[in-house]
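The primary structure of each chain is shown beneath.
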Amino acid sequence: MKAALFHKESGDLIISNKNIPNLSDKDVLVKVHYCSFCGHDLAVIQGMLKRGVGNKIILGHELSGIVDSVGSQVSTCSPGDRVVSLLTNSCGICDRCLNDQSHRCRVGEGIGHTCDGGFAEYVVVSENSVFKIHDDLTLKDACMLVCPIGVIEEAFSRYKGQFNTAVVSGATGGLGIHGIQKASSLFDRVIALTTDASADNFLSQIGATDVVVYDASDTFKFKEIIMALTEDEGVDLFIDPVGSGLFNESVACVSQYGCLMLLGDIQGIPLDIHLGDMLFKDLEIICSTGSNRESVKLAERMILNGDMKPVIFDVVALENILDVCTKMQESSVIGRILIDMTLG
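Summarised in this report is the structure supplied together with it.

Rules of the game
Residues numbered from 1 in each chain as written. Predicted model: local features only at pLDDT ≥ 70, side-chain atom pairs only at ≥ 80, totals over all residues. Heavy atoms only, no water. Salt bridge = Lys/Arg side-chain N within 4 Å of Asp/Glu carboxyl O. Helix = DSSP H or I, 4+ residues; strand = E, 2+ residues; numbered from the N terminus. Buried < 20%, exposed > 50% of the residue type's maximum accessible area, 1.4 Å probe, protein only. Pairing = 2+ DSSP bridges. Axes fitted to C-alpha atoms, helices over the stretch in contact; angles between N-to-C directions. Lys, Arg positive; Asp, Glu negative; His and termini not counted. Polar contact = N/O pair within 3.5 Å; in protein donor to acceptor, adjacent residues only side chain to side chain. Contact = heavy atoms within 4.5 Å. Core = buried A, V, L, I, M, F, W, Y, C linked by side-chain atoms within 4.5 Å.

This structure, assessed with the given rule, holds nine salt bridges. Taking the shortest distance from any N to any O, the salt bridge between Arg336 and Glu62 comes out at 2.9 Å. In this pair, Arg336 sits in strand S18 (residues 336–340) while Glu62 sits in strand S5 (residues 62–70), placing the two residues 274 residues apart along the sequence. With a relative accessible area of 5%, Arg336 lands in the buried category. The residue Glu224 makes a salt bridge to Lys223 at a minimum N-O spacing of 3.8 Å. Its relative accessible area of 55% is what places Glu224 among the exposed residues.

Structure, rendered in structure tokens:
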């Protein structure tokens, strides 16, 4: 089968031929149709994420496809089922798996990180790591069901704050652009933050009431603008997929008793944190980088009800995956680029 192998030692991503993986008794072999390229994949390729990454690993964790075959002890899915994979190849029997926290399985491996993922024609995952999708959901839309949309749903399931004003940074990325859609269904006002002036109209169309374009090279990027827009009150919720590079300024934008929702960390830089800024705000912080079955079900319902539209920037063949890396590095992508494993 064709696959894009990441060589950890050299940092190269090379399209190669590899044997179709074998099944164990509780495994499922999925013929991959689509796998979207996530910022996580880029961070691994750039060497920012190293811990737990296997050598000559097949990246890609946002995948959809059709079950090709199943192990002898698999009882919950059958060949021909349309599925997505969850984010972790999980055991299904530990306390976390039994409590619908399989993304934090005690012996699990990250799909497309520690074990092989979806930038290949076939992938093997455990029975506990597949989710059968609704007949009305296309495989193309479904590949973003678990991440980024399921991650957003998981985070919002823990949010208990006010629903007046929300800010979304990294607004054109996968988490940001779908975070705007989720927030717009709940909040009176949603402010999108972006460095891409050309995205203004699109962000407004998907639910942003205000779009703030800022210069990433400025010392103070957006804090003064956000505070002016909120009459120095700050926002109830700051959705932050960007992480350390904007952390202190993001905290400064949050109101008293507000919430910072951390969904990622693009730069991975050490922080000089001022705890007083958080303590005297009585700040709540929600961290989410995974999704459980319940959040995936909610994400599916949002899409089927028309409340969430997966934003697809482009669909390309596996042979073009290095071009995708370049576009991601240039921040010229709005939404997700999908790798169509049936092309070529």
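That shown, we press on.
What follows concerns helix H4 (residues 145–156). H4 sits mainly inside the fold: 12 of its 12 residues count as buried. All buried positions along H4 are accounted for by Leu145, Val146, Cys147, Pro148, Ile149, Gly150, Val151, Ile152, Glu153, Glu154, Ala155 and Phe156.

Judged by pairing direction, the sheet is parallel, and its six strands sit side by side in the order S13-S12-S11-S14-S15-S16 without closing on themselves. Two strands in the sheet have a free side with no partner beyond their single neighbour: strand S13 (210–213) and strand S16 (284–287). Strand-to-strand twist of the sheet, defined as the mean angle between neighbouring strand axes without regard to direction, takes the value 20°. The pairing of strand S15 (residues 254–262) with S16 spans four bridges and is parallel. Bridged to Leu262 within S16 is Cys287.

The periodicity of an α-helix, 3.6 residues per turn, causes residues three or four positions apart to be oriented the same way. Along helix H5 (residues 174–184), 10 of the 11 residues are buried, which leaves the element largely enclosed by surrounding structure. Among the residues of H5, Gly174, Leu175, Gly176, Ile177, His178, Gly179, Ile180, Gln181, Lys182 and Ala183 are the ones counted as buried.

This part covers the side chain of Asp27. Here Asp27 shows up in strand S3 (residues 27–37). Here Asp27 is buried and forms no salt bridge, its nearest opposite-charge partner Lys26 lying at an N-O distance of 9.6 Å. There is a polar contact of 2.7 Å between the side chain of Asp27 and the side chain of Ser24. Once you skip the residues sitting within four places of it in the chain, Asp27 turns out to touch Val70, Gly71, Val74, Val124, Val125, Ser126 and Glu127.

Counting 50 residues, the largest nonpolar core has Leu145, Ile180, Leu203, Leu237 and Met261 as its most contacted members. Here this core gets eight residues from one element, more than from any other, and that element is H4. Look past the residues within four positions of Ile180 in its chain and what remains in contact with it is Val168, Ala171, Val190, Ala192, Leu203, Ile206, Gly207 and Ala208. Grouped together as the second largest cluster of nonpolar side chains are 43 residues, Ala4, Phe6, Val32 and Cys35 included.

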